[in-house]
Each structure stands twice: as structure tokens, then as C-alpha cells.
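If you want the building blocks of each chain, they are given just below.
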Amino acid sequence: MRDADARVATLGILMLETRFPRPPGDIGHPDTWPFPVRYHVVRGASPARVVAPDPWAQMAAFVDAGLALVDAGCDGIATTCGFLVPFQDELTAALGVPVATSSLLQVPWVARMLPKGKCPGILTISSEALVPAHLSAAGIVGSPPIIGTDPNGEFARRILGDEATMDHAAAERDVVRAAERLVTEHPAVGAIVLECTNMVPFAPALQRATGLPVYSVYTLLIWFHAALRPRVFAREETQHELTANSRSPSR
């Protein structure tokens, strides 16, 4: 939804300070969401600073930006980078509202839903930067399969280098190749979780290439927002369903 609708938003999104393209599907494109959102750019929080061994120098800036969104009326807060999951507990404590820092929070849920012998695999923009501290912060137990995109490929180079242009088709090929490696090298993978919020536009291509369910920040925040603003069901529809059910024979 357009920013003009942000006055009724319940979901606030903390944005990195970036210039790379954000097509529909990207967390930072307002038309990605079927509900209004309010964005707040965290000044100085570049991709390179966040996807780093020690992002903690940015913590205070994220708290301040989150408080600004809460003051503006947001009932829940999310971020635009999966590598911010170490901030989960600190942001929740500081902001006083539900916080979803990373798509990685879904990994334990997905693991519980898969058949015996299957596990979720993580597709990330940088497998070197995704360390055990990130997994622990997301509540992930053990060592799930992790594959990163080619650091010299179109996708990683444009995002981490914060470049102003991107060849979307080439970036999609990079991400699809990484997903194919993930399922080839780890046959037990039964679903893919996208760490990177900028991979969401490629989720349909990933599902087609692998045949597996693809979880992302989009799936996370659709669920997250559904509790912040529950659907209002028409009274007439509800009454009709109750009447129809009362007429059904007992089983």
C-alpha cells in the first residue's frame, strides 16, 4: 500500500539506508504488502555494516528508529535484513511491542512441520557472514544446511555493494543456482527459508526450480500482521455459517 495509507498502519518496518533497487516483492517496496506499512530509515545502517561480524554499533540507532515507529502508532515492528536477528531480544525489550527481526525466526517452525527425515535449508546472501550467533538468536538448534549466493554474482555484489542498478534476471539466476546447490548438496532439505529479505521476488522461481516450499520475510510478516490487525468477518456471513452448521447431521 502507498505511504499515504501509512497513518492506519500497524506494522512498522525499520529500513537499512540503501540505494539498491527494490522491485515489487522486496520488503522495501510498499506495494509488496496487502496492508499499509510505515517505513523508517535507520541512518548509517548500510548493508555492509549490518552483514558484518559485529553489527552492535548500530543497535542504538535501531532502538531510536523503532521507538519513533511505535510513537507513530505501529503495534509491531520488523526489519529489512535477516542478519539483524541478534537484535531480537534487545528490540523487543526496548520497544515494548512484538518484533520480528528476521525470516530466520521461522526455521524452528518449519522444522516441526516437515516429514521425518526432512529439514529446512537456509538460503542466505552470505554463508560466511551467517554465523552460529545468528542461528542461536533465531532459536535454531543444531546446524541446518546453509548455502549462500555467489559473492561475485549480480545479486550479492549489487546488494552488499549498495549499487544503484541491478540486472534482475541475472540476480534471479544467481539465487536459483544457490537454491539448486542447497537441495543437491543436502538431499534432506524439505523446505527453503530465505534469510535475505531482497530474495522474495525470486521465491516463485525458487519453488519452480526445487519443487519445495519457500518461506521468507513475506510469509513471516503476513502471519505477523494477521495478529496485529485481525480480519473482521461480516456478521451476516458468520451467522449464515452457524446456521448451516446447525443443520448439518451429527457425525
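Residues numbered from 1 in each chain as written. Predicted model: local features only at pLDDT ≥ 70, side-chain atom pairs only at ≥ 80, totals over all residues. Heavy atoms only, no water.

Asks: So, the nonpolar core: which residues are in play, and what are the values?
Replies: By size, the foremost hydrophobic cluster in this structure holds 73 residues, and its most contacted members are Leu11, Phe62, Leu123, Phe155 and Leu221. No other element matches helix H7 (residues 168-185), which puts six residues into this core. Ignoring anything within four residues of it in the chain, the contact list for Leu11 reads Phe35, Val37, Arg38, Cys74, Gly76, Ile77, Ala78, Leu221, Phe224, His225 and Leu228. (Core = buried A, V, L, I, M, F, W, Y, C linked by side-chain atoms within 4.5 Å. Buried < 20%, exposed > 50% of the residue type's maximum accessible area, 1.4 Å probe, protein only. Helix = DSSP H or I, 4+ residues; strand = E, 2+ residues; numbered from the N terminus. Contact = heavy atoms within 4.5 Å.)

Asks: Any chance you could break down the sheet that holds strand E4 (residues 99-100) for me, citing the residues and the numbers?
Replies: Strand order in the open sheet formed by four strands is E2-E1-E3-E4, with parallel pairing between adjacent strands. The open sheet is flanked by strand E2 (37-41) and E4, the only strands paired with a single partner. Two strands pair when backbone bridges link them, and strand E1 (residues 11-15) and E2 are joined in this way by five bridges, in the parallel orientation. The residue bridging Met15 from the neighbouring strand is Val41, located in E2. Those strands touched by helix H2 (residues 59-71) are E1, E2 and strand E3 (76-79), and its axis lies near 155° from that of E1. (Pairing = 2+ DSSP bridges. Axes fitted to C-alpha atoms, helices over the stretch in contact; angles between N-to-C directions.)

Asks: Before we move on, could you go through the environment of Pro132 and cite the residues and values that matter?
Replies: Tracing the backbone through its elements, the reader meets Pro132 in helix H5 (residues 132-137). The spatial distance from the C-alpha of Pro132 to the C-alpha of Gly142 is 9.2 Å, given a sequence separation of ten residues.

Asks: Explain the packing of aromatic side chains to me, using residue names and the numbers behind them.
Replies: Scanning the model with the defined rule gives five aromatic pairs in all. Plain terms: the ring middles of Phe155 and Phe202 are 5.9 Å apart, the flat faces sit at 80° to each other, and that makes the pair edge-to-face. With Phe155 in helix H6 (residues 154-160) and Phe202 in the loop between strand E7 (189-194) and helix H8 (203-210), this residue pair connects regions lying 47 residues apart in the sequence. Considered together, Phe155 and Phe202 belong to a single accessibility category, that of buried residues. Members of the aromatic cluster, each reached through a chain of ring pairs, are Trp33, Phe35 and Tyr218. (Phe/Tyr/Trp six-rings, centres within 6.5 Å; stacked < 30°, edge-to-face > 60°.)

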